[in-house]
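The primary structure of each chain is shown beneath.
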Amino acid sequence: MFGWLRRAPAPPTEQQRQVWQALSEYPPYAPPEWDLDTKSLRDANVEYQKYFFDSKPLRLEALRAFLAKFDIALGFDDAGIRAVSAWMPQYADLLVRNLGDHFTNEAYWGFSVPWTGALAGLNPIFDLGIYHAECLWSRRTKLKWIVARGPQKEVSTHFISGLPGTGKLFCPMTWTYVHCSNIRNSKELARKRFPGAAASLDLKGDTLYRHILSKTPPGRRSRRL
């Protein structure tokens with residue numbers, strides 16, 4: 001009943017097709033299975049930490065190849081960060097359809113299902129977090145990764161300590177996930193002509209750059225890895 005009121009799905013935009021094509025070759029982040037039945041919490045964490053740190057260079061290369069398909073060169077100097085920062089409000093909302101969904105949240109923080117198919121976009125979001133961290137690392141050498149999982153299966157943390165300010169830990173993976181989600185939400189509100197949505201901070205092309213800059217010591221903005 002009322003089937004005639006249903007609208008056919010809108011055809012994908014050129015940007016959506018470009019993102020889907022770029023994601024088709026993106027290698028998934030696939031940590032070892034979390035198994036506390038046969039391993040201690042410590043041993044399971046050591047295994048995950050090794051996977052994370054061993055994978056970091058490969059993840060950055062995957063992100064570099066992905067962004068190159070949008071004519072963006074992955075760089076750690078000011079110009080490189082500005083380019084990536086400007087890319088995000090244009091395309092980041094197209095990586096995963098619903099970042100606010102509980103299933104997607106569990107997949108991202110608990111690795112509950114493989115990051116393939118409709119969830120393939122979680123890979124560049126996670127890797128943008130690694131890139132975010134490395135941009136900070138290239139400007140501050142006294143930082144430290146605090147990487148852990150569990151004891152619940154759906155929990156993982158990828159914190160950085162040693163940044164200025166409150167002294168609280170910072171998770172770049174969470175920051176990029178929330179930023180991508182906010183970009184999508186802001187665009188939805190702008191399409192509905194919600195007042196002020198188009199001027200959202202997350203839709204500005206320098207949000208990532210400014211966040212990194214705020215944690216950069218004076219005189220070290222353009223330091224390269």
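Our subject is the structure that appears above.
Residues numbered from 1 in each chain as written. Predicted model: local features only at pLDDT ≥ 70, side-chain atom pairs only at ≥ 80, totals over all residues. Heavy atoms only, no water.

A. Quick peek at empty space enclosed by the protein. All chains considered together, the criterion is met by one cavity of 30 Å³ or more. In this structure, the largest cavity spans a volume of roughly 40 Å³. Every residue lining the largest cavity is listed: Pro-32, Glu-33, Trp-34, Asp-35, Lys-39, Ala-44, Glu-47, Tyr-48 and Arg-149. Here the lining of the largest cavity gets three residues from one element, more than from any other, and that element is helix H2 (residues 41–68). Broken down by class, the residue content of the lining of the largest cavity amounts to four nonpolar, no polar and five charged. (1 Å grid on protein atoms, 1.4 Å probe; cavity = no way out; pocket = protein on both sides within 12 Å on 5 of 7 lines; lining within 4 Å. Points joined across faces, edges and corners; volume = space filled by probe spheres on them. Helix = DSSP H or I, 4+ residues; strand = E, 2+ residues; numbered from the N terminus. Nonpolar A, V, L, I, M, F, W, Y, C, P; charged D, E, K, R; others polar.)

B. Molecular detail of the environment of Asp-206. If you trace the backbone, Asp-206 turns up in the loop between helix H6 (172–191) and helix H7 (207–213). A relative accessible area of 24% means that Asp-206 is categorised as partly exposed. Residues Asp-206 and Pro-89, spaced 117 residues apart in sequence, show a C-alpha to C-alpha distance of 9.2 Å. (Buried < 20%, exposed > 50% of the residue type's maximum accessible area, 1.4 Å probe, protein only.)

C. Expanded view of the nonpolar core. Of all hydrophobic cores here, the largest spans 55 residues; its most connected members are Phe-52, Phe-66, Trp-87, Leu-122, Ile-125, Phe-126 and Tyr-131. If you list the elements that add at least two residues to this core, you get helix H1 (14–23), H2, helix H3 (78–91), helix H4 (102–110), helix H5 (122–137), strand E1 (144–149), H6 and H7. Sequence-distant contacts of Phe-66, that is, excluding residues within four places in its chain, are made with Val-19, Ala-22, Leu-23, Tyr-26, Trp-87, Leu-95 and Pro-124. (Core = buried A, V, L, I, M, F, W, Y, C linked by side-chain atoms within 4.5 Å. Contact = heavy atoms within 4.5 Å.)

D. Quick peek at the packing of H3 against H6. Contact pair H3 / H6: the axes reach a minimum separation of 8 Å and the direction vectors enclose 50 degrees. Accordingly, the angle class assigned to the pair H3 and H6 is oblique. Listed contacts from H6 to Met-88, Pro-89 and Gln-90 of H3 are His-179, Cys-180, Ile-183 and Lys-187. Of the residues assigned to the contact of H3 with H6, the class counts are four nonpolar, two polar and one charged. (Axes fitted to C-alpha atoms, helices over the stretch in contact; angles between N-to-C directions. Parallel < 35°, antiparallel > 145°, perpendicular 65-115°, else oblique.)

E. H4, seen in detail. By the burial criterion, the buried members of H4 are Thr-104, Ala-107, Tyr-108 and Gly-110. Buried residues in H4 make contact with H5, E1 and H6. Two or three places before Phe-103, at the opening of H4, Asp-101 has a side-chain oxygen 2.9 Å from that residue's backbone nitrogen. Looking at the residues trailing H4, positive phi occurs at Phe-111, about 50 degrees. (Polar contact = N/O pair within 3.5 Å; in protein donor to acceptor, adjacent residues only side chain to side chain.)

F. View of the side chain of Arg-139. On the secondary structure map, Arg-139 appears in the loop between H5 and E1. Owing to a relative accessible area of 1%, Arg-139 belongs among the buried residues under this scheme. From its side chain, Arg-139 meets the backbone oxygen of Phe-76 in a polar contact 2.9 Å long.

G. How the structure looks around the pairing of E1. Residues Trp-145, Val-147 and Arg-149 line the buried face of E1, whereas the alternating positions Lys-144, Ile-146 and Ala-148 sit on a face that is not buried. Where E1 meets strand E2 (residues 156–161), six bridges bridge the pair, whose relative direction is antiparallel. Across the sheet, Lys-144 pairs through a bridge with Ser-161, a residue of E2. (Pairing = 2+ DSSP bridges.)

H. Inspection of the packing of H4 against H5 at higher detail. In the contact formed by H4 and H5, the axes pass within 11 Å of each other and the chain directions differ by 50 degrees. Compared by their axis directions, H4 and H5 come out oblique. Crossing of H4 against H5: the hand is right-handed. Seen from H4, the contacting residues are Thr-104, Ala-107 and Tyr-108; seen from H5, they are Leu-122, Ile-125 and Phe-126. Class assignment of the residues belonging to the contact of H4 with H5 gives a composition of five nonpolar, one polar and no charged. (Left-handed = near helix turned anticlockwise from the far one by under 90°.)

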